[in-house]
Amino acid sequence: MSEFGGNKASVVSLYGQALAPETFDPTPEVRALWEKVYNNMREEFGEAIFRSWLKPMALQACYHGTLEVSVPTRFMKDWISTHYVERIRQMCKEAGEGIERLEIVVVHGHASEEIKEEEAPKALKSNVNELAEKLDLSSPLDPRFKFETFVVGKSNALAHAAASRVVECNVPFNPLFIYGGVGLGKTHLMHAIAWELKEKQPEKVVMYLSAEKFMYQFVKAIRAQDTMTFKEIFRSVDVLMIDDIQFIAGKDSTQEEFFHTFNALVDQNKQIIIAADRAPSELQGIDERLRSRMSWGLVADIHASTYDLRLGILKTRSVQLGVEVPEPVLEFLALKVTSNIRELEGALNRIVAHADVTKSEITLESTQDVLQDLLRSSDRRITIDEIQRRVAEHYNVRIADMHSSRRARSVARPRQVAMYLAKQLTARSLPEIGRKFGGRDHTTVMHAVKKVDELIAEDPSFAQDVEVLRRTLTG
Ligand code: ADP
Ligand code: MG
């Protein structure tokens, strides 16, 4: 039994989690002591801190010189423990009754009043960033992923414009949903938004994390029986960014939790930004309600890159790397490495590293040499005949139409696609390609390449067609 009545065994479970507060009935001495400390806290720490952090503390138990008080969330416990506990312990000691130690325990839904939103726990809000970091909730931001380093082209103009609006205006649309294939710059844009907000609106609490991490944290919170803290943190941010949302497909309880978080934030007019590898409607395994909710704001897709964009990115990157790469090498890379930007950058890094290590110049020859494996698919001798045959089959036109002078769109477009692929997948020059297409001029081929490039950027289903063809040819 304790000095002041109240039995430790009856109030604290085996796991150190306190049980219902009703089981503890403090003696009048303990009650008076706590009252004194409580008032001291208010006086000494000030009303704002008291309300945000200390007010919900409730007397829980008293035994062998230890005073035990509860708070409703782990989040609060951590905060109090790192910031105020020493001083409070001191106060308890000074209040007499032989108290030497102070224990803080988490009791969910405990007796004392919980913090209400309108009580404006400002301290809590401004500390969410710090806490989120401490609790490892936010993901780190890549310092290279800024707006300054993001090259804008036709294929990503909408997503870029939308991202800029989010930084300039207060919740212009909610949510902003960015989607596109792998390595096309979704994460780059999200980080850019986060960096910009940090700089321009530092008072805002911005949280960026992957859906995978969101789930991991949620599961962890469930295990620790502390979903309160989890909810509390996620619902007190100003901007929530979740990357690769497709990850939560089929993860029902995570979806459910995300849905509630989503609604709570939208209700408070807080900005939500989501990235995925496909459109909301295509997210199989994600609840219909959530899918439709996610497309309520602005949905911006990033299309496959164009030659011009790739060239622009390569130029920006080489400036960043501080190396001068000859223009023909950049053009060659922009033409040959088309699958995604990550690979394109990887290719550039490799030739730069190679030149650095071997102390040699970067040339077209050395580039072809260094990237042999990457370019092998295009080196495997794909013939123009083969391309013409496959393309004709795909679009259901006659092979003869590849050579004919017919200009109807139904044959002209497949012909242009074939020319484009010939340029991309073979080592033939523009005049050579022209000759193979019924003796056309090299400018006609150039025009075709440009046109197809544009269409790829504008029309996702066309882009997919070309990609399928490219893969069957190189596969
Ligand atoms: P995603 O998230 O869409 O898979 P990332 O954002 O990770 O793709 O981009 C992959 C790489 O390509 C990153 O290094 C990124 O900086 C770069 N990148 C993509 N798009 C652009 C762009 N428009 N301008 C500059 N770099 C880009
Ligand atoms: Mg990404």
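Calculation criteria
Throughout this description, residue numbers start from 1 for each chain and increase along the sequence as written. Chains and ligands are labelled sequentially in the order written, the chains with letters from A and the ligands with numbers from 1. Given that this is a predicted model, residues contribute local features only at a pLDDT of at least 70 and side-chain atom pairs are listed and counted only at 80 or more, while totals for whole chains, interfaces and linings are drawn from all residues. Processing note: side-chain calculations cover all non-hydrogen atoms of the structure and skip hydrogens and water entirely. Lines fitted to C-alpha atoms define the axes, with helix axes restricted to the stretch in contact, and inter-axis angles between N-to-C directions lie between 0 and 180 degrees. Only DSSP runs of H or I reaching four residues or more are called helices, and only runs of E reaching two or more are called strands; each is numbered from the N terminus. Angle categories are assigned with fixed cut-offs, so that under 35 degrees is roughly parallel, over 145 is roughly antiparallel, 65 to 115 is roughly perpendicular, and the rest are oblique. Left-handed is the label given to a crossing in which the near helix is rotated counterclockwise from the far helix by less than a right angle, and right-handed is the label when the rotation is clockwise. Working rule for contacts: check all heavy atoms of both residues, and any pair within 4.5 Å makes them a contact. Residues are grouped as follows: Ala, Val, Leu, Ile, Met, Phe, Trp, Tyr, Cys and Pro are nonpolar; Asp, Glu, Lys and Arg are charged; every other residue, Gly included, is polar. Here the term buried applies to any residue with accessible area under 20% of the maximum for its type, exposed to any over 50%, and partly exposed to those in between, with areas from a 1.4 Å probe on protein chains only. Proximity criterion: a residue is near a molecule or strand once any of its heavy atoms comes within 4 Å of it. Polar contact is defined as a pair of N or O atoms within 3.5 Å, subject to the rule that within protein one atom must be able to donate a hydrogen and the other to accept it, and that residues adjacent in sequence are counted only when both atoms are side-chain atoms. Accessibility throughout is a Shrake-Rupley quantity obtained with a 1.4 Å probe, and a residue counts as covered only by protein chains that appear here. Start and end points for every domain follow an automatic or database-based domain assignment. A pair of strands counts as paired when DSSP detects no fewer than two bridges linking them. A helix is expected to span 1.5 Å for every residue after the first.

*Asks:* I would appreciate a short explanation of the packing of helix 13 (residues 307-321) against helix 14 (residues 327-336) in the present structure.
*Replies:* Packed helix pairs are specified by the crossing angle of their axes together with the interaxial distance, meaning the distance between the axes. Where helix 13 meets helix 14, the closest approach of the two axes is 9 Å, and the angle between their N-to-C directions is 130 degrees. Accordingly, the angle class assigned to the pair helix 13 and helix 14 is oblique. For helix 13 against helix 14, the interelement crossing comes out right-handed. Across the interface between the two elements, Tyr 307, Arg 310, Leu 311, Leu 314, Lys 315 and Ser 318 from helix 13 touch Glu 327, Leu 330, Glu 331, Leu 333, Ala 334 and Leu 335 from helix 14. The residue inventory of the contact of helix 13 with helix 14, partitioned by class, reads seven nonpolar, one polar and four charged.

*Asks:* In this structure, what is going on with unusual backbone geometry? I would like to understand it.
*Replies:* Among all residues except glycine, the phi angle is most often negative; among peptide bonds, the trans geometry is most common. For the peptide bond that leads from Asn 174 to Pro 175, omega is 0 degrees, which places it in the cis range. Positive phi, normally seen in glycine, also occurs at His 64, with a value near 40 degrees. Mapped onto the elements, His 64 comes out in the loop between strand 1 (58-63) and strand 2 (66-71). The exposure class assigned to His 64 is exposed, which follows from its relative accessible area of 51%. Even without a glycine there, the phi angle at Asn 269 is positive, about 60 degrees. Of note, Asn 269 is situated in the loop between helix 11 (252-267) and strand 7 (271-276). A relative accessible area of 45% places Asn 269 in the partly exposed class.

*Asks:* Mind showing me how you'd approach the site of ligand 1 here?
*Replies:* Taken together, 17 residues sit near ligand 1, with Val 151, Gly 183, Thr 187, His 188 and Glu 345 positioned nearest. Between ligand 1 and Val 151 there is a distance of 2.8 Å, counted from a nitrogen atom to a backbone nitrogen or oxygen. One of the side-chain nitrogen or oxygen atoms of Arg 342 is found 3.0 Å away from an oxygen atom of ligand 1. For ligand 1, whose accessible area on its own is 560 Å², the fraction buried by protein is 93%. Elements represented by at least two residues in the shell around ligand 1 include exactly helix 8 (186-200) and helix 15 (341-358). Its residues assigned to classes, the shell around ligand 1 shows seven nonpolar, seven polar and three charged. Looking at which domains feed residues into the shell around ligand 1, each of domain 2 (147-302) and domain 3 (307-378) gives three or more.

*Asks:* Where do I start with the sheet that holds strand 1 in this structure?
*Replies:* Overall, mixed pairing links the three strands, which are arranged 1-2-3 in an open sheet. Two strands in the sheet have a free side with no partner beyond their single neighbour: strand 1 and strand 3 (101-106). Sheet twist, expressed as the mean angle between neighbouring strand axes with direction ignored, is 25 degrees. Alignment of strand 2 against strand 3, held across six bridges, turns out to be parallel. Each bridged residue has a counterpart across the sheet, and for Val 71 the counterpart in strand 3 is Val 106. Across the sheet, helix 4 (residues 74-83) is in contact with strand 2 and strand 3; its angle to strand 3 comes to roughly 155 degrees. Strand contacts of helix 5 (residues 85-94): strand 2 and strand 3, with the helix running at about 125 degrees to strand 3, the strand carrying the most contacts.

*Asks:* Help me understand helix 13, please; the structure alone is not making it clear to me.
*Replies:* Quick reminder: α-helices carry 3.6 residues per turn. Residues three or four places apart thus point the same way. For helix 13, spanning 15 residues, the distance from its first C-alpha to its last is 21 Å, which sits close to the expected 21 Å at 1.5 Å a residue. Residues of helix 13 that are buried: Leu 309, Arg 310, Leu 311, Ile 313, Leu 314, Arg 317 and Ser 318. Turning to helix 13, the residues buried within the fold contact helix 14, helix 15 and helix 22 (442-458). Just downstream of helix 13 lies Gly 322, where phi reads positive at about 70 degrees.

*Asks:* Can you help me understand the sheet that holds strand 7 in this one?
*Replies:* Strands in a sheet are paired, the pairing made by backbone hydrogen bonds, and the direction either parallel or antiparallel. One open sheet holds the five strands; their spatial order is 5-6-7-4-8, and the pairing between them is parallel. Of all strands in the sheet, those bounded by a partner on one side alone are strand 5 (206-210) and strand 8 (298-302). Averaged over neighbouring strand pairs, the angle between their axes works out to 15 degrees when direction is ignored. Strands strand 4 (176-180), strand 5, strand 6 (239-243), strand 7 and strand 8 of the sheet are contacted by helix 8, whose axis makes an angle of about 160 degrees with strand 6.

*Asks:* Honestly, the packing of helix 9 (residues 211-223) against helix 10 (residues 227-234) in this entry has me stumped. Any pointers?
*Replies:* Interaxial distance between helix 9 and helix 10 falls to 7 Å at its minimum, and their mutual angle equals 145 degrees. Across from Phe 214, Gln 217, Phe 218, Ala 221 and Ile 222 in helix 9, the residues of helix 10 making contact are Thr 227, Phe 230 and Phe 234. In terms of residue class, the contact of helix 9 with helix 10 is built from six nonpolar, two polar and no charged.

*Asks:* How should I be thinking about the pairing of strand 2 in this particular structure?
*Replies:* It is a general feature of regular strands that their side chains alternate between the two faces of the sheet. Across the six residues of strand 2, six count as buried, placing the element largely inside the fold. Side chains Thr 66, Glu 68 and Ser 70 of strand 2 all project onto a buried face; the interleaved residues Leu 67, Val 69 and Val 71 project onto the opposite face, where all are buried too. As judged from the five bridges shared by strand 1 and strand 2, these two strands associate in the antiparallel manner. By the bridge assignment, Cys 62 is partnered in strand 2 with Leu 67. Where strand 1 folds back onto strand 2 in an antiparallel hairpin, the turn is made up of two residues, including His 64, whose phi is positive at roughly 40 degrees.

*Asks:* I keep staring at the environment of Ile 272 and nothing clicks. Help me out?
*Replies:* You can see Ile 272 is positioned in strand 7. Considering only alpha carbons, one finds Ile 272 and Val 237, 35 residues apart in sequence, at a separation of 9.8 Å.

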